[in-house]
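# Examining the three-dimensional arrangement
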Amino acid sequence: MIFYLIIHWPWFFSKYTGFAFGPFVLVKDKSNTKTIGHELVHVEQFWRMWTAPFWVAYLYQLIRNGYRDNKYEVEARERAEEMEQKYLKGDL
Ligand SMILES: [Zn+2]
């Protein structure tokens, strides 16, 4: 069980369709469960490490490896579908 809250946020700029901030997931379109699955992996990463350490670790990875290759994004891409299924089943 993880605590999360999906918030409809239609005012995203450019290509971004979702954003996770701690336990909160902002999505442009609530029916886009693919994006929700991806962002929920970040929520899980957040709960795994708690606020400050996660953001410090994420930022460090971002500076070192860029957006695509940072290990949190790699994990989110790999596990997005698994998380999407859990979300759709109400199994989180
Ligand atoms: Zn991501």
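This report concerns the structure included in the present document. (Residues numbered from 1 in each chain as written. Predicted model: local features only at pLDDT ≥ 70, side-chain atom pairs only at ≥ 80, totals over all residues.)

Moving on, we come to the sheet that holds strand S3 (residues 24–27). With mixed pairing, 3 strands are arranged side by side in an open sheet as S1-S3-S2. With partners counted over all chains shown, the strands left at the sheet margins are strand S1 (5–8) and strand S2 (18–21), one partner each. Mean inter-strand twist for the sheet, computed between neighbouring axes without regard to direction, equals 20 degrees. Relative to S3, S1 runs parallel, the two being bridged by 4 bridges. Bridging from a neighbouring strand, His8 pairs with Val27 of S3. The sheet strands contacting helix H1 (residues 33–49) are S1, S2 and S3, and the helix crosses S2 at an angle near 20 degrees. (Pairing = 2+ DSSP bridges. Helix = DSSP H or I, 4+ residues; strand = E, 2+ residues; numbered from the N terminus. Axes fitted to C-alpha atoms, helices over the stretch in contact; angles between N-to-C directions. Contact = placed C-beta atoms within 7 Å.)

So, about H1. Helix length check: H1 (17 residues) gives 24 Å between terminal C-alpha atoms against 24 Å at 1.5 Å per residue, within 8%. Inspection of H1 places Thr35, Ile36, Gly37, His38, Glu39, Leu40, Val41, His42, Val43, Glu44 and Phe46 among the buried residues, and these make up the whole buried set. Trp50 occupies a position one or two residues after H1 and carries a positive phi of about 70 degrees. (Expected span 1.5 Å × (residues − 1). Buried ≥ 20, exposed ≤ 12 C-beta atoms within 10 Å, placed from the backbone.)

Okay, helix H3 (residues 71–89) next. Structural remark: α-helix, 3.6 residues per turn; residues separated by three or four positions point the same way. Helix length check: H3, at 19 residues, gives a terminal C-alpha distance of 27 Å against a target of 27 Å (1.5 Å per residue), a fit within 8%. Taking the largest bend as the criterion, H3 deviates by roughly 55 degrees, centred on Arg79. Taken as a whole, H3 has its buried residues at Ala76, Ala80 and Met83. On its buried face, H3 sits against H1. Gly90, located one to two residues past H3, shows a positive phi value of around 70 degrees. (Bend = angle between axes of the 7 residues up to and from the residue.)

Turning our attention to the environment of Phe46. In this structure, Phe46 sits in helix H1. Each C-alpha atom, one on Phe46 and one on Gly22, is 5.9 Å from the other, the two residues being 24 residues apart in sequence. With sequence-adjacent residues up to four places away left out, Phe46 is seen in contact with Gly22, Pro23 and Phe54.

Further remarks concern the nonpolar core. In this structure, Ala20, Val25, Val27, Ile36, Leu40, Val41, Val43, Phe46, Ala76, Ala80 and Met83 together form the largest nonpolar core, which totals 11 residues. Elements with a minimum of two residues in this core: S3, H1 and H3. Broken down by element, this core gets its largest block of residues, 5 residues, from H1. The contact partners of Ala20, leaving out residues within four places of it in the chain, are Val25, Glu39, His42 and Val43. (Core = buried A, V, L, I, M, F, W, Y, C linked by C-beta atoms within 7 Å.)

Before going further, it helps to spend a moment on the environment of Asn70. For Asn70, the location among the structural elements is in the loop between helix H2 (51–69) and H3. The class for Asn70 is partly exposed, based on 19 C-beta atoms found within 10 Å. Excluding anything up to four places from it in sequence, Asn70 contacts Gln61, Leu62 and Asn65.

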